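Report on the structure
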Number of protein chains: 2
Amino acid sequence: MKSIAYLGPSGSYCEQATITKYPDQKLFPMATIPAVIESVQDGITDYGIVPIENSIEGSVTFTLDALIHDYKVNINSEIMLNISHSLITNKIIEMSKIEKIYSHPQALAQCKLYLSKNTPQAQLINTSSTSAALKQIIDDGITSAAIAHARNAKLNNLNIIEENIQDEKINITRFVVLGNEIAPKTENDKTSFCFDFSDIDKPGQLINVMKLFSDQEINITKIESRPSKKELGKYIFWMDITGHIEQQKLSGIFVQVKKITSMLKIIGSYPVETEII
Amino acid sequence: MKSIAYLGPSGSYCEQATITKYPDQKLFPMATIPAVIESVQDGITDYGIVPIENSIEGSVTFTLDALIHDYKVNINSEIMLNISHSLITNKIIEMSKIEKIYSHPQALAQCKLYLSKNTPQAQLINTSSTSAALKQIIDDGITSAAIAHARNAKLNNLNIIEENIQDEKINITRFVVLGNEIAPKTENDKTSFCFDFSDIDKPGQLINVMKLFSDQEINITKIESRPSKKELGKYIFWMDITGHIEQQKLSGIFVQVKKITSMLKIIGSYPVETEII
């Protein structure tokens, strides 16, 4: 049996992803994304699961930045989870009477048009997770609401005002499973890595990196620029490409990438997940 | 005299940027980023000013997404503002006694290491601006704190626990000035635009766009991928390049870009700001 840390508390979407993918393992909910990553890096748990990207909001920049700057762990696999948000209160109440709405900032962001239309009077308050939001409305008075999955509202006998309230009806979150080893090669892998350049003003540097892959018909499936944190306009690039780092073709390309970049960090090679759970 | 909407309320960093750049104009604080952009698009104000990028947190994705998906306005110029955050309370109090910390989510994010080290017990609560956070601690009990600029704490006779608490000491926010016309050509301009592709799985598409610019020695100063919101893994790209759309060389390239992209939207050509205020 493996031990797995995930972004809790229990009831979070990350828990849902974790339990569905690993139904029979030893699970540890953690309070923050760095706590999950640290528990893997320090060998306290075998794996750790954190969100990395959402189809509406884009990258979870906190996860990207932690993996780029602060930790040395590998992405071992990915999980695609379908997300559906509900507006939940303690008791039955009119929407116009709601004074506070608690949820994880990304859930609030995903429902922003719905909320600005239906509850413009309400103060939006961040919680560490959607399940922490539910705890909060159980403690609070009746004028507080939460955004969370309907399943958790039902478990807590709470009132569901409306289901599926997110602004875009297709709403998928990608989670990554972190470990200390590189995942073994399969038939269909991808590789995540990040890099930067010492000279920011030289045109064509990023293209030169991309061309090394596209010239060999290797697809770039994601490209993201993150701030270097050192100066405005200086970026670190995150890329996902198809293939496994242990393929001869890819490892040869990475020798070239290393030559033309200032920093290169491989974050992992892992199987492409095609199923949405 | 021009009328200018900005992301308020009064006391916000955006107000500071606006007043410093436009000291003698008619200023209107707005509650949200869409409200600023709408006031420009609808001709209620001549210009609107919103944050677009921070040297630590990266892009203000809410601004990028609004300019990509929801509105048709032009970036006319940019403002670079140096940001310094302070931890502020109503009265003198030990840090370990602070129960709630209010601020704009980006300010909370910029101080996250400081806060997790010094006030791990405190609940972090989002407000619409740093000045809204100060109002909140004036209303609240003594165990609440705010993160805002020291200048505003002094104006309100509040207690400054510590200045310059952001995790990275270089902290610059870039604001954009929005209008309905394209700004006239100067000696040193940049152009912002966004585009996507209909076929996501064809490798090398993005490179082909980038190469059109780099082959003509035009520098790409920013590239950002934003979710299309339609499916995971499908992106819209935002690019900043040097030069003005009315330069013959650039307009010729954009004819080519249009041919190989599915959607192309010019967000503006405007002078490069070199001064940090």
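Computed from a predicted model, the values in this text were never measured in an experiment.

**Brief notes about the relation of the copies chain A and chain B**
Overlaying chain A with chain B gives an RMSD of 0.0 Å, the required rotation being 180° about an axis along which the chain moves by 0.0 Å. Taken together, the rotation angle and the small translation identify this as a two-fold axis.

**Description of the interface of chain A and chain B**
On the chain B side, the residues contacting the 44 residues of chain A number 45 residues. Overall, the association of chain A and chain B removes approximately 3,700 Å² of surface from exposure, summing both partners, and the carbon and sulfur fraction of that is 54%. On the chain A side of the interface with chain B, the three residues burying the most area are Ile-207, Lys-229 and Leu-232 of chain A, jointly 18% of the side's total. Seen at the junction of chain A and chain B, the total is 2 salt bridges. The partner of Glu-168 of chain B in a salt bridge is Lys-230 of chain A, and the shortest N-O contact between them spans 3.6 Å. Joining chain A to chain B, the criterion identifies 9 residue pairs in polar contact (both at pLDDT 80 or more). At the level of secondary structure, the elements contributing two or more residues to the side of chain A that touches chain B comprise strand E3 (47-54), strand E8 (123-126), strand E11 (172-179), helix H8 (205-214), strand E13 (220-227) and strand E14 (235-242) of chain A.

**Concerning the sheet that holds E8 of chain A**
All names here are of chain A. Taken in spatial order, the 5 strands make up an open sheet running E8-E7-E9-E6-E10, and their pairing is mixed. Both edges of this open sheet fall to E8 and strand E10 (159-162), since each of them pairs with a single strand only. Shown here is a sheet whose adjacent strand axes are inclined to one another by a mean of 30°, direction ignored. Strands in contact with helix H6 (residues 130-139) are strand E6 (86-89), strand E7 (100-103) and strand E9 (144-148); relative to E9, the strand with the most contacts, it is inclined by about 160°.

**Structural notes on unusual backbone geometry**
All names here are of chain A. A positive phi is found at Lys-229, a non-glycine position, where the angle reads about 75°. Here Lys-229 lies in the loop between E13 and E14. A relative accessible area of 13% places Lys-229 in the buried class.

**Section: the pattern of salt bridges**
According to the stated counting rule, one finds 26 salt bridges over all chains in the structure shown. Its salt-bridge partner being Glu-53 of chain A, residue Lys-222 of chain A comes within 3.3 Å of it at the nearest N-O pair. Of this pair, Lys-222 of chain A sits in strand E13 while Glu-53 of chain A sits in strand E3; the two residues are 169 residues apart in sequence, bridging distant segments of the chain. Pair check on accessibility: Lys-222 of chain A and Glu-53 of chain A agree, each one buried. For the salt bridge of Glu-78 of chain B with Arg-174 of chain B, the shortest nitrogen-to-oxygen distance reads 2.6 Å. Taken together, the residues Glu-78 of chain B in strand E5 (residues 74-82) and Arg-174 of chain B in strand E11 (residues 172-179) connect sequence positions 96 residues apart. Across the pair, exposure class does not vary: Glu-78 of chain B and Arg-174 of chain B are buried alike. Through salt bridges with shared partners, a single ionic network connects Glu-53, Glu-78, Arg-174, Lys-190, Lys-222, Glu-224 and Asp-240 of chain A.

**What about the environment of Glu-38 of chain A?**
All names here are of chain A. With respect to the helices and strands, the residue Glu-38 is situated in helix H2 (residues 33-41). On the basis of relative accessibility, which here comes to 37%, the residue Glu-38 falls in the partly exposed class. A C-alpha to C-alpha distance of 19 Å links Glu-38 and Phe-193, two positions 155 residues apart in sequence.

What counts and how
- Residues numbered from 1 in each chain as written.
- Chains lettered and ligands numbered in written order.
- Predicted model: local features only at pLDDT ≥ 70, side-chain atom pairs only at ≥ 80, totals over all residues.
- Heavy atoms only, no water.
- Least-squares fit on C-alpha atoms with pLDDT ≥ 70 in both.
- Contact = heavy atoms within 4.5 Å.
- Buried area = accessible area lost by both parts, 1.4 Å probe.
- Salt bridge = Lys/Arg side-chain N within 4 Å of Asp/Glu carboxyl O.
- Polar contact = N/O pair within 3.5 Å; in protein donor to acceptor, adjacent residues only side chain to side chain.
- Helix = DSSP H or I, 4+ residues; strand = E, 2+ residues; numbered from the N terminus.
- Pairing = 2+ DSSP bridges.
- Axes fitted to C-alpha atoms, helices over the stretch in contact; angles between N-to-C directions.
- Buried < 20%, exposed > 50% of the residue type's maximum accessible area, 1.4 Å probe, protein only.

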